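Report on the structure
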Amino acid sequence: MIKVDRVELYHVRLPLVQPFETSFGREDARDTVIVAVRGGGLMGWGEAATSVGPWYEYETVETCWHVLRDFLGPRVAGQEMSSPDDAARLMAPVRGHHLAKMGLEAAVWDLLGQAQGCSIAQLLGGTRERVAVGVSIGVQASVPALLDRIEEYQAQGYNRIKCKIKPGWDVDVVRQVRERFPDVPLMVDANSAYTLADADRLAALDEHDLLMIEQPLPYDDLVDHAELQRRLRTPICLDESVPSLAAARAAVALGSGRIVNIKPGRVGGLTVARAIHDLCRENGWPVWCGGMLETGIGRAHNVALASLPGFTLPGDISASARYFHRDIVEPEFVVNDDSTMTVPTGPGIGVAVVPERLAAATQRRVTVV
Ligand code: NPQ
Ligand code: MG
């Protein structure tokens, strides 16, 4: 049992080493909200991996700030926690705002892990010491630039490659990637850039032996995803279409795909993320851990989640250096030369937040008592 004395929010901005471009836009820096909870002389850390605009998710830095400061923070501050489920229960009356909820729930996981001397992977029931990882590559200026990028990442240890696609940057690009790298474990992510009217175009990807096509259709259209899956040989992986356990159940029932990308932020916490993992496992759907360009804090929670047994496909969990000149945690996350990442074993997130680096990246700060 540990009492949360206070909740602190940090709006953090870290420049990206290269801009990241998807079908929904392009960003040069990461703006996220870091959440700290103090209690029992300890400090737990979480990340609401939001962004400046409502493109990937409807949440933004401003909505996370507002909802954490005015609703979620006050519900958790001053309360006794015996398990992270207590935090999830206290936050449940707030509808939606999953990224914000994950930030605070994750901080409580870290706090309780530290108090109990357990890593978050241990608390979750993780079974792996290393998790398989890959790299997600944004839309590039040209195909040769993309091929160079892939080569660069392979040299850094990444095996599985994910390319972002959008209309005008899809079948032809994938064909050229396949010609150059015939054996690379390859997948694509459309971030909802297509409709069912593009089914033939997407079916043209079938011949390129992709691991999966991620989120081809709109985020709320499980029925069309099911229809598209019937027309494709390549497995569809759902990302944006699975914001909750209920949505995962619907997707399985409808056959809207065959794989789920689980991001603890998108689903509103590690507790729900684990429940979706369990459901998928019972139904024979492999899962993998997605990423939202998190700092080392969110990254630590992702790595812990990916140590669960159903995470049988490589995650979008890359080294800190893939995104940032310098991460705000120590040690930074690195990729091993067999395309794995080692799960931290220390208490809580198992890495230390470096106060000077956090301070240097902080745009504003507020305390919720
Ligand atoms: C995805 N992530 O799987 C997301 C998309 C995403 C690693 O491909 C700022 C800039 C925030 C880009 C959050 C990866 C973002 C972002 C999510 C991209 O769909
Ligand atoms: Mg995705």
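That block above? That's the structure.
Described below are features of the structure shown in this document. Bear in mind the structure is a predicted one, so any value in this text is a computation, not a measurement.

1. Description of the nonpolar core
Core analysis: the largest hydrophobic core is formed by 91 residues, its most contacted members being W45, L205 and L305. If we skip the residues at most four places from it in the chain, L205 touches I165, V171, V174, V188, L210, I213 and T234. The next biggest cluster of nonpolar side chains, apart from the first, holds 31 residues, and it includes V33, V37, L72 and L112.

2. Observations concerning the pattern of salt bridges
On inspection of all chains with the given rule, the structure shows 26 salt bridges. The shortest N-O distance in the salt bridge between R13 and D31 comes to 2.9 Å. Here D31 lies in strand β3 (residues 25-39) and R13 lies in strand β2 (residues 6-22), a separation of 18 residues in the sequence. Exposure remark for R13: the relative accessible area of 37% places this residue in the partly exposed category.

3. A look at the coordination of the magnesium ion (ligand 2)
Donor atoms from the polypeptide that bind the magnesium ion (ligand 2) are D189 (OD), E214 (OE) and D239 (OD), placed at 2.1 to 2.3 Å. Along the chain, the residues that donate to the magnesium ion (ligand 2) are spaced as D-x24-E-x24-D. A residue pair is termed long-range when its members are at least 10 positions apart, and E214 in strand β10 (residues 213-214) and D239 in the loop between β11 (236-238) and α9 (245-254) qualify at 25 residues. Residue E214 is classed as buried on the basis of its relative accessible area of 0%. Accessibility expressed as a relative area gives 0% for D239, which makes it buried.

4. Examining the side chain of T340
Note on placement: T340 falls in strand β15 (residues 340-342). Reaching out from T340, the side chain makes a polar contact with the side chain of R130 at a distance of 3.3 Å. Contact partners of T340, with chain neighbours within four places excluded, come to R130, V131, A132, V133, V334 and V335.

5. Points about the sheet that holds strand β4 (residues 42-48)
Taking strand neighbours across the sheet as the criterion, the 4 strands line up as β4-β3-β2-β17 in an open arrangement whose pairing is antiparallel. Looking along the sheet, the strands with just one partner apiece sit at the ends: β4 and β17 (362-368). Taken over all neighbouring pairs, the strand axes of this sheet differ in orientation by 25 degrees on average, direction set aside. Contacts between helix α12 (residues 296-305) and the sheet are confined to β3 and β4, with β4 contributing the most and set at about 90 degrees to the helix.

6. Side note on the site of ligand 1
Around ligand 1 there are 19 residues in total, and S136, K164, N191, K263 and G291 lie nearest to it. For ligand 1, an oxygen atom lies 3.0 Å from a polar atom in the side chain of D189. D239 has a polar side-chain atom sitting 3.1 Å from an oxygen atom of ligand 1. When ligand 1 sits alone it has 440 Å² of accessible area, and the protein chains cover 98% of it. Within the residue set of the shell around ligand 1, elements represented by two or more residues are β3 and β8 (160-164). When grouped by side-chain class, the residues that make up the shell around ligand 1 number 6 nonpolar, 4 polar and 9 charged.

7. Points about empty space enclosed by the protein
A water-sized probe, rolled over the atoms, reveals where empty space remains. Counted by the stated rule, this structure contains 2 cavities of 30 Å³ or more. Put simply, the largest cavity is a space of about 70 Å³. Lining of the largest cavity is provided by E47, A49, M102, K263, P264, G265, M292, E294, G298 and N302. Elements with a minimum of two residues in the lining of the largest cavity: α10 (264-267) and α12. Residues that form the lining of the largest cavity fall into these classes: 4 nonpolar, 3 polar and 3 charged. What the second largest cavity holds in volume is close to 30 Å³. Taken together, I120, A121, A300, A304, V343, P344, G348 and I349 make up the lining of the second largest cavity.

What counts, and at which threshold
Residues numbered from 1 in each chain as written. Chains lettered and ligands numbered in written order. Predicted model: local features only at pLDDT ≥ 70, side-chain atom pairs only at ≥ 80, totals over all residues. Heavy atoms only, no water. Core = buried A, V, L, I, M, F, W, Y, C linked by side-chain atoms within 4.5 Å. Buried < 20%, exposed > 50% of the residue type's maximum accessible area, 1.4 Å probe, protein only. Contact = heavy atoms within 4.5 Å. Salt bridge = Lys/Arg side-chain N within 4 Å of Asp/Glu carboxyl O. Helix = DSSP H or I, 4+ residues; strand = E, 2+ residues; numbered from the N terminus. Donors = N, O, S within 2.8 Å, 3.2 Å for Na, K, Ca; no water. Polar contact = N/O pair within 3.5 Å; in protein donor to acceptor, adjacent residues only side chain to side chain. Pairing = 2+ DSSP bridges. Axes fitted to C-alpha atoms, helices over the stretch in contact; angles between N-to-C directions. Near = heavy atom within 4 Å. Areas by Shrake-Rupley, 256 points an atom, 1.4 Å probe, with all protein chains shown as cover. Nonpolar A, V, L, I, M, F, W, Y, C, P; charged D, E, K, R; others polar. 1 Å grid on protein atoms, 1.4 Å probe; cavity = no way out; pocket = protein on both sides within 12 Å on 5 of 7 lines; lining within 4 Å. Points joined across faces, edges and corners; volume = space filled by probe spheres on them.

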